[in-house]
Amino acid sequence: MDQIEMLTTDRHITSVERGVADFPMHNNSELFSNAQSTSDSYDETKDKDQLSISNTSLELKRSIFGIPRGILLIFLSSTSICIMMAIGIIIVCLNAPKPKVSTCGLNFVRTGTNPIEYNYGPVSVAIGDFNLDTWIDMVIVNSIVSRIGVHFGNSNGTFVKEYEYSTGINSHPIMAAVDNLNNDSYLDIAVANYNSHTIGIFYGFGNGSFQDQIEISTGISRPLSLHLATFSVDTNPFTLAVGHLDDDGRLDIVAGTIGHRTVTIRLGNGDGSFRKKIIYSVGSLPESVVIGDYNNDGYSDIVVANVGSNYLSVLLGYGDGRFAPQITHQTGSGPRFIVSSDLNGDAKLDIIVANGGDNTATVWFGCSNLIFGKQTTLSIDYSSKSPSFTINDFNHDNYTDIIAANPYNSTISVFFGYGNFSFTNRTVYSTGPASSPYSIASGDFNHDNHLDLAVADFLSDTIEIFSGNGNGSFSPNQTTYSTGSSSSPSSLALDYFNNDTNLDIIVVNYNNNRFGVFLGRGDGTFDNMLSYSMPYGSNPFAVVTGDFSKDGKVDFAVANQASDSLSIYVQTC
């Protein structure tokens with residue numbers, strides 16, 4: 001009877017479970033049979049025992065189901081409350097407004113002090129980290145006073161002038177380039193001195209200061225431009241190119257000398273000095289030089305564009321600093337600009353030459369052991385201003401295409417690459433009567449994975465948006481936005497100015513000395529221009545973007561034609 005009494009007491013539930021487990025519980029009738037036999041021994045309390053047995057039966061059933069009724073009710077109520085709370089939280093989350101990406105209010109601040117002395121005759125600028133503080137510094141070539149000025153960059157995008165160095169009395173330096181010329185891990189400066197017929201070398205000490213100039217004679221020639229790099233792509237007439245000509249890991253120099261049908265080679269010693277000059281004959285008026293391995297033999301070669309002879313001179317290298325006599329390739333009229341790259345993805349260098357005399361661009365494709373195997377000529381419309389280009393894969397065929405903006409006839413020309421040494425005939429789109437497109441850029445303005453175009457129209461004071469269809473064609477119904485009356489937009493660039501994942505457009509206006517920002521909406525349309533003033537009479541003509549202050553925000557630089565200056569703008573929001 002002790003076990004049955006335990007069943008009628010809630011605090012003995014655990015004991016009940018053990019007691020019940022001890023019973024041979026095959027079925028309920030057997031249980032009640034055992035209870036009846038117990039009752040026969042205590043006749044005087046039969047009714048009371050039967051009531052106890054009934055209660056016991058109910059409690060046993062509860063125990064069999066596992067939980068007493070009170071606890072079960074509490075459990076069910078708690079569970080219901082939790083479920084309702086979870087449902088409520090889910091509903092709130094699904095209907096709550098999405099968090100917005102932090103945007104920028106486009107607060108641009110022009111650097112407080114313009115680092116250029118206008119009366120010094122600044123003609124060229126080169127950049128690098130001269131004092132190893134991780135901030136970009138710059139050297140400015142001042143032609144009138146025959147000096148270079150070194151300006152150190154600050155963390156906020158401003159510059160401070162620290163040092164000046166003479167390039168020689170009446171040397172009239174024209175251009176500077178920066179590289180590590182003597183393998184000491186510090187940047188050095190090379191200067192083309194037009195009037196003294198020399199190349200000036202300033203060796204850096206790594207703390208922002210430089211050794212006084214060491215001069216290298218170019219003979220009676222007058223160097224007008226130079227470019228330093230591990231491998232060179234020259235961009236200016238009468239140029240210097242720097243590369244590895246004798247496979248010793250030391251930088252060497254090639255100079256195309258105006259007034260002579262020659263190029264001059266100076267092999268580097270690795271300590272900043274150079275060996276005696278070696279002269280090779282080329283064509284008349286060599287205005288552009290590039291260095292590369294064009295016959296795939298592992299040795300550097302030289303290609304020269306000769307504007308006076310209308311051909312290219314190819315000097316094949318032997319790998320020891322010596323070169324074979326020139327091989328010529330006929331070009332269009334007046335080849336002035338040359339660049340080399342692998343255009344068709346075959347791991348061979350190709351050549352593109354801009355011919356100023358007949359308004360064409362000639363493309364030569366590299367071929368194994370044959371120097372150049374095929375050539376293509378692209379027609380570019382006449383213009384007093386060089387056409388603007390954007391290069392990308394506009395029709396999703398994995399081949400590079402070219403689009404040119406033609407200011408002269410107010411059109412853009414599309415050349416599709418076949419990937420097999422050729423391009424299609426141009427497809428022409430009008431930018432409107434007398435619009436004169438000066439600048440063009442490509443990007444995805446509506447997130448459809450197709451490239452669109454933005455064009456700055458100089459004469460119509462507008463920018464135009466051409467929506468790309470993904471197959472290389474563009475909507476003929478372009479959208480036009482005003483840049484202001486008599487503004488004359490001369491250059492544009494694309495970037496994410498307000499940090500919202502939609503491409504924006506910045507444009508500089510030549511005539512009204514202002515720049516403007518068109519904020520993209522992500523659907524191919526833009527807000528009206530936000531206009532900002534620039535110094536009076538600056539005549540801005542080119543713009544580039546970048547994070548100059550290393551704060552994750554888009555800054556930009558503007559080249560000003562009339563004031564011979566560079567304006568740097570940093571975002572402060």
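Everything below is about the structure shown above.
Overview of the structure. No experiment lies behind these values; they were computed from the predicted model shown.

As for the environment of threonine 501
In step 1: Considering the arrangement of structural elements, one finds threonine 501 in the loop between β30 (489–495) and β31 (504–509).
In step 2: Linking threonine 501 and histidine 447, residues 54 residues apart in sequence, is a C-alpha distance of 9.6 Å.
In step 3: If sequence neighbours within four positions are ignored, threonine 501 has contacts with His447 and Tyr496.

Quick word on the nonpolar core
In step 1: Counting residues in each nonpolar core, the largest one holds 15 residues, and the members touching the most others are Leu492, Ile505 and Phe518.
In step 2: Elements supplying a minimum of two residues to this core: β27 (452–457), β28 (462–466), β30 and β31.
In step 3: Every residue in contact with leucine 492, bar those within four places of it in the chain, is listed here: Ser439, Ile440, Ala441, Ala454, Val455, Ala456, Ile463, Ile505, Ile506, Val507 and Val543.

Structural notes on the sheet that holds strand β14 (residues 286–292)
The pairing of strands in a sheet happens through backbone hydrogen bonds and is either parallel or antiparallel.
In step 1: With respect to topology, four strands assemble into an open sheet ordered β14-β15-β16-β17, the strand pairing being antiparallel. Looking at which strands have only one partner, the edges of the open sheet turn out to be β14 and β17 (327–330). When the angles between neighbouring strand axes are averaged without regard to direction, this sheet yields 20°.
In step 2: Pairing geometry for β14 and strand β15 (residues 301–306), over six bridges, is antiparallel. Bridging from a neighbouring strand, isoleucine 291 pairs with isoleucine 302 of β15.

Some points on the side chain of serine 439
In step 1: Looking at the secondary structure, you find serine 439 in strand β26 (residues 437–443).
In step 2: In this structure serine 439 comes out as buried when scored by relative accessible area, which is 7%.

Quick notes on the side chain of asparagine 513
In step 1: If you trace the backbone, asparagine 513 turns up in the loop between β31 and β32 (514–518).
In step 2: From its side chain, asparagine 513 meets the backbone nitrogen of asparagine 539 in a polar contact 2.9 Å long.
In step 3: In this view, asparagine 513 contacts Ser533, Met534, Pro535, Tyr536, Gly537, Ser538, Asn539 and Pro540; residues no more than four positions away in its chain are not counted.

Thoughts on the environment of glycine 357
In step 1: Tracing the backbone through its elements, the reader meets glycine 357 in the loop between β19 (350–355) and β20 (360–367).
In step 2: Through-space distance from the C-alpha of glycine 357 to that of asparagine 310 is 9.3 Å; in sequence the pair is 47 residues apart.
In step 3: Once residues within four sequence positions are removed from consideration, glycine 357 is found in contact with Ser333 and Gly334.

Details of the packing of aromatic side chains
In step 1: Applying the stated rule across the entire model yields 18 aromatic pairs.
In step 2: On the basis of an interplanar angle of 10° and a centroid distance of 4.9 Å, the ring pair of phenylalanine 515 and tyrosine 532 is categorised as stacked. One end of the pair, phenylalanine 515, is in strand β32; the other, tyrosine 532, is in strand β33 (residues 530–533), with 17 residues separating them in the sequence. As far as burial versus exposure is concerned, phenylalanine 515 and tyrosine 532 are alike and both buried.
In step 3: Put simply, the rings of Phe130, Phe152, Tyr163, Tyr165, Phe202 and Phe210 pair up and form one aromatic cluster.

Some details on the pattern of salt bridges
Close approach of charged atoms lets side chains of opposite charge pair.
In step 1: Evaluated as defined, the whole model comprises three salt bridges.
In step 2: Of the charged contacts in the structure, one is a salt bridge between arginine 147 and glutamate 164, with a shortest N-O distance of 2.9 Å. Of the two residues, arginine 147 sits in strand β4 (residues 147–153) while glutamate 164 sits in strand β5 (residues 159–166), which places them 17 residues apart along the sequence.
In step 3: Residue classification places arginine 147 among the partly exposed positions, given a relative accessible area of 27%.
In step 4: We note a salt bridge from arginine 521 to aspartate 527, for which the minimum N-O separation is 2.7 Å.
In step 5: Of the residues examined, arginine 521 reaches a relative accessible area of 49% and is grouped as partly exposed.

Criteria and cut-off values
Positions within a chain are numbered from 1, following the residues in the order the chain's sequence is written. Local features in this predicted model are restricted to residues whose pLDDT is 70 or higher, and side-chain atom pairs enter the listing and the counts only when it is 80 or higher, whereas totals over whole chains, interfaces and linings include all residues. Side-chain measures were taken over the full set of non-hydrogen atoms in the model, leaving aside hydrogen atoms and water. For helices the rule is a DSSP run of H or I covering at least 4 residues; for strands it is a run of E covering at least 2, with both sets numbered from the N terminus onward. In what follows, a contact means two residues having at least one pair of non-hydrogen atoms within 4.5 Å. Here the nonpolar core consists of buried residues drawn from Ala, Val, Leu, Ile, Met, Phe, Trp, Tyr and Cys, with membership extended through side-chain atoms lying within 4.5 Å. Only protein chains enter the calculation, and the probe is 1.4 Å; a residue is then buried if its accessible area is under 20% of its type maximum, exposed if over 50%, and partly exposed in between. DSSP bridges decide pairing: two strands pair if at least two such bridges lie between them. Fitted lines through C-alpha atoms give the axes, limited to the stretch in contact for helices. The angle between two N-to-C directions lies from 0 to 180 degrees. Within 3.5 Å is the distance limit for a polar contact, defined as a pair of N or O atoms, with the added protein rule that one can donate a hydrogen and the other accept it, and that residues adjacent in sequence qualify only through two side-chain atoms. Each aromatic pair joins two rings of Phe, Tyr and Trp (for Trp, the six-membered one) with centres within 6.5 Å, and gets the label stacked for planes under 30 degrees apart, edge-to-face for over 60, and tilted for any other angle. In what follows, salt bridge is the name for a side-chain nitrogen of Lys or Arg lying within 4 Å of a carboxyl oxygen of Asp or Glu.

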